[in-house]
Amino acid sequence: MSLDNNSSYAAPEDWRAYSGVLSRRVFAFIVDYLFIGLLWIPAAVIVFFLGILTLGLGWLLYPILFFVVAGLYFGMSLAGPSQATPGMRMMGIAMVRLDGRKLDFVTAIAHLALFWILNSVLTPLVLLAGLFIERSRLVHDLLVGTATVRTY
């Protein structure tokens, strides 16, 4: 495993890079889950035909289909070159690791899983933490070692 010393992956020290990030994250969340909902429809059709081909066995994928679609969506987009989901790009934010390395697929999935778990347990506190923690980081950002920064 090699370290990528590209400065675009490092978390900046300038406070302006974190200004307004929380509100942008909320809107990016809404946009991303609209996209996931749209992607879920063709995935559900594929699972339907897969269920017919497998004599009903493929239909067992329906309970986890949303999680699979969301995981692939977030994992592939956050681990991509822009380090942001389409919703995050629309809002002008990106996710960076504090150690300066590129965000990989496993870290992106861990970030998503921690978000879901912590949001189900600490619903209002997840966003409130960003008001008090440096760099406007949320609880799951602290656990994974990431920060969200403005791109413009």
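Note that the structure is predicted; figures quoted are calculated from it, not measured.

> Go over the overall build of the protein, please, and point to the residues and values.
The helix and strand inventory of the protein stands at six helices and two strands. Order of helices (α) and strands (β) in the protein, N terminus to C terminus: α-α-α-β-α-α-α-β. If one aligns the C-alpha atoms of the protein with their principal axes, the spans along those axes are about 55 × 35 × 25 Å. Out of the 152 residues belonging to the protein, those deemed buried represent 40%. Expressed as a percentage of contacts within the protein between residues at least 6 apart in sequence, the contacts between residues at least 24 apart total 70%.

> Talk me through the UniProt feature "transmembrane region" (unreviewed entry) in the protein; I want residue IDs and the actual numbers.
The UniProt feature table records "transmembrane region" (unreviewed entry) at residues 26-53, 59-82 and 103-133. Along residues 26-53, the helical share is 100% and the strand share 0%, with 40 Å between the first and last C-alpha atoms. Secondary structure content for residues 103-133 is 87% helix and 0% strand, while the C-alpha to C-alpha distance between its ends is 21 Å.

> Pulling in residues and values, what's your account of the nonpolar core?
With 21 residues, the main nonpolar core has Tyr-33, Ile-36, Leu-65, Phe-74, Leu-78 and Met-88 as its most contacted residues. What Tyr-33 contacts, discounting residues up to four positions off in sequence, is Phe-66, Phe-74, Leu-112, Phe-115 and Trp-116. Ranked by size, the runner-up nonpolar core spans seven residues in total, among them Ala-11, Ala-17, Ala-147 and Val-149.

About the criteria used
Just so you know, the residues in each chain are numbered from 1, in the order the chain's sequence is written. Given that this is a predicted model, residues contribute local features only at a pLDDT of at least 70 and side-chain atom pairs are listed and counted only at 80 or more, while totals for whole chains, interfaces and linings are drawn from all residues. The side-chain figures draw on all heavy atoms in the structure; neither hydrogens nor water molecules are used. Secondary structure elements follow DSSP: runs of H or I of four or more residues count as helices, runs of E of two or more count as strands, with numbering from the N terminus. Using a 1.4 Å probe on the protein chains alone, a residue whose accessible area is under 20% of its type maximum counts as buried, one over 50% counts as exposed, and one in between counts as partly exposed. The contact rule is simple, with two residues in contact once any of their heavy atoms fall within 4.5 Å. UniProt positions are given in the numbering used here, feature names are shortened, and annotations may be inferred rather than shown by experiment. Grouping buried Ala, Val, Leu, Ile, Met, Phe, Trp, Tyr and Cys residues that are joined through side-chain atoms within 4.5 Å yields what is termed a nonpolar core.

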